[in-house]
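Report on the structure
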Amino acid sequence: MASLKTRLEHCFTRDALRSYLAEFLSTFFFVFAAVGSSMSSKKLMGNAASEPTGLVGNAIATAFSLAVAVYISASVSGGHVNPAVTFGMAIGGHVSISVAIFYWISQILGSVMACLLMKVTTVGQHVPMHGIIPDEMTGFGASILEGVMTFALVYTVYAAADPRRGSMAATGPLAIGFIAGANVMASGPFTGGSMNPAYSFGAALIGGSFRNQAVYWIGPLVGAAMAALLYDNVVFPQGSDSVGSIGDGNGA
């Protein structure tokens, strides 16, 4: 019981509350830009989902908004902006399970509020959702695609946030944003390129349909866990204190 009390007290310190607020705000900013980009494309081009320019616009909006969201919250909460990233960090032991739960709540609330604001301010325009996958794809295939993309995203987060590489500064968030944008380009017509369960949940809740919602939770969470385990235990285990020592002097 004492242990449980200690854990709960740890979740409600001033620093913990600040980190929850940071996650709420950064997720809100990211989802607002990502959803707004999709809604703007549809408004301008009609069926934007079938237009290459719409896909490029969404990818750019995702990359830039995620980079900014990570940058502004990195020093406070770690800049997760994504339940899958938080799950990966929890798997790697970088954040406690109890704190991770509150991160999830903050991220989901931020996503829901962003989607709700877009719904209200655009006078009821349809909020785009990720649940519509092509008829030729199965839910299992879509989950694998989302899992692979989230694996790449979380692996990049681990590499960018690794203190052995030095301070994250501005290049870390940019790398995270770039991989997210590239993944949207690769998967937009198939799964929507979510990689973020909070993003998908908020859009589904406000959009009014939870179709294929499991795809956007199972795939990303499994991919995040695999990235965390691979980075921390195989590629760059905690005992290693040198970055790139094998290839020093042999690169381009």
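The model shown is predicted, which means the values in this text are computed figures rather than measured ones.

This model, assessed by the stated rule, comprises 13 aromatic pairs. Aromatic ring contacts, followed pair by pair, group F151, Y155, Y158, Y231 and F236 into a single cluster.

Right, let's talk about the pattern of salt bridges for a bit. The tally for this structure, following the rule as stated, stands at one salt bridge. R18 serves as the salt-bridge partner of D15, at 3.1 Å between the closest nitrogen and oxygen. Of this pair, D15 and R18 both sit in helix 2 (residues 14-45), separated by three residues, roughly a single helical turn. What makes D15 exposed here is its relative accessible area of 52%.

With that out of the way, let us pick up the UniProt feature "transmembrane region" (unreviewed entry) in the protein. Taking the UniProt record as the reference, the feature "transmembrane region" (unreviewed entry) is found at residues 20-41, 53-72, 84-105, 139-161, 173-194 and 214-231. Between the end C-alpha atoms of residues 173-194 there is a gap of 18 Å, over a span that is 68% helix and 0% strand.

Let's shift gears to a nonpolar patch on the surface. Together, L21, L25, F29, V68, Y71 and I72 make up an exposed nonpolar region whose accessible area comes to about 570 Å². Residue assignment for the nonpolar patch shows that the elements contributing at least two residues are helix 2 and helix 3 (52-77). Inspection of the secondary structure puts F29 in helix 2. Using a relative accessible area of 42% as the deciding quantity, one classes F29 as partly exposed.

Counting residues in each nonpolar core, the largest one holds 48 residues, and the members touching the most others are F30, V31, V35, L66, C115 and I176. Taken together, the elements giving at least two residues each to this core come down to helix 2, helix 3, helix 4 (83-91), helix 5 (97-121), helix 6 (139-161), helix 7 (171-187), helix 8 (197-207) and helix 9 (215-235). Among the elements that make up this core, the one with the highest residue count is helix 2 (eight residues). Judged by nonpolar contacts, the second largest core, of five residues, contains M137, A142, V215 and Y216.

Residue placement: T27 occurs in helix 2. Taking the relative accessible area as the measure of exposure, T27 reaches 0% and is therefore buried. Excluding its chain neighbours within four sequence positions, the residues that come into contact with T27 are V81, Q107 and S111.

Before going further, it helps to examine the packing of helix 5 against helix 8. In the contact formed by helix 5 and helix 8, the axes pass within 8 Å of each other and the chain directions differ by 40°. The angle between helix 5 and helix 8 places the two elements in the oblique class. Judged by the sense of rotation from one axis to the other, the crossing of helix 5 with helix 8 is right-handed. Between helix 5 and helix 8, the residues in contact are Q107, I108, S111, V112, C115, L116 and K119 and A198, Y199, F201, G202, A203, L205 and I206, respectively.

A few words now on helix 4. Burial within helix 4 is extensive, with seven of its nine residues counted as buried. Along helix 4, the positions that sit buried rather than exposed are P83, A84, V85, T86, G88, M89 and A90. In the core, the buried residues of helix 4 are packed alongside helix 5, helix 6, helix 8 and helix 9. You can read the cap of helix 4 off the contacts: a side-chain oxygen lies 2.8 Å from the backbone nitrogen of A84, and it is on N82. Phi turns positive, to about 80°, at G93, one or two residues after helix 4.

Attention shifts here to the packing of helix 4 against helix 9. Orientation of helix 4 relative to helix 9, taken along the N-to-C sense of each, is 40°, at an axis distance of 8 Å. By the angle between their directions, the pair helix 4 and helix 9 is classed as oblique. Where helix 4 crosses over helix 9, the two elements pack in a sense that is right-handed. Taking contact as the criterion, the partners of P83, A84, F87, G88 and I91 in helix 4 are, on helix 9, P220, L221, A224, A225, A228 and L229.

Criteria and thresholds
Residues numbered from 1 in each chain as written. Predicted model: local features only at pLDDT ≥ 70, side-chain atom pairs only at ≥ 80, totals over all residues. Heavy atoms only, no water. Phe/Tyr/Trp six-rings, centres within 6.5 Å; stacked < 30°, edge-to-face > 60°. Salt bridge = Lys/Arg side-chain N within 4 Å of Asp/Glu carboxyl O. Helix = DSSP H or I, 4+ residues; strand = E, 2+ residues; numbered from the N terminus. Buried < 20%, exposed > 50% of the residue type's maximum accessible area, 1.4 Å probe, protein only. UniProt positions renumbered as here; feature names shortened; annotations may be inferred. Patch = residues over 30% accessible without salt bridge, like charges linked within 9 Å, V, L, I, M, F, W, Y side chains within 5 Å. Areas by Shrake-Rupley, 256 points an atom, 1.4 Å probe, with all protein chains shown as cover. Core = buried A, V, L, I, M, F, W, Y, C linked by side-chain atoms within 4.5 Å. Contact = heavy atoms within 4.5 Å. Axes fitted to C-alpha atoms, helices over the stretch in contact; angles between N-to-C directions. Parallel < 35°, antiparallel > 145°, perpendicular 65-115°, else oblique. Left-handed = near helix turned anticlockwise from the far one by under 90°. Polar contact = N/O pair within 3.5 Å; in protein donor to acceptor, adjacent residues only side chain to side chain.

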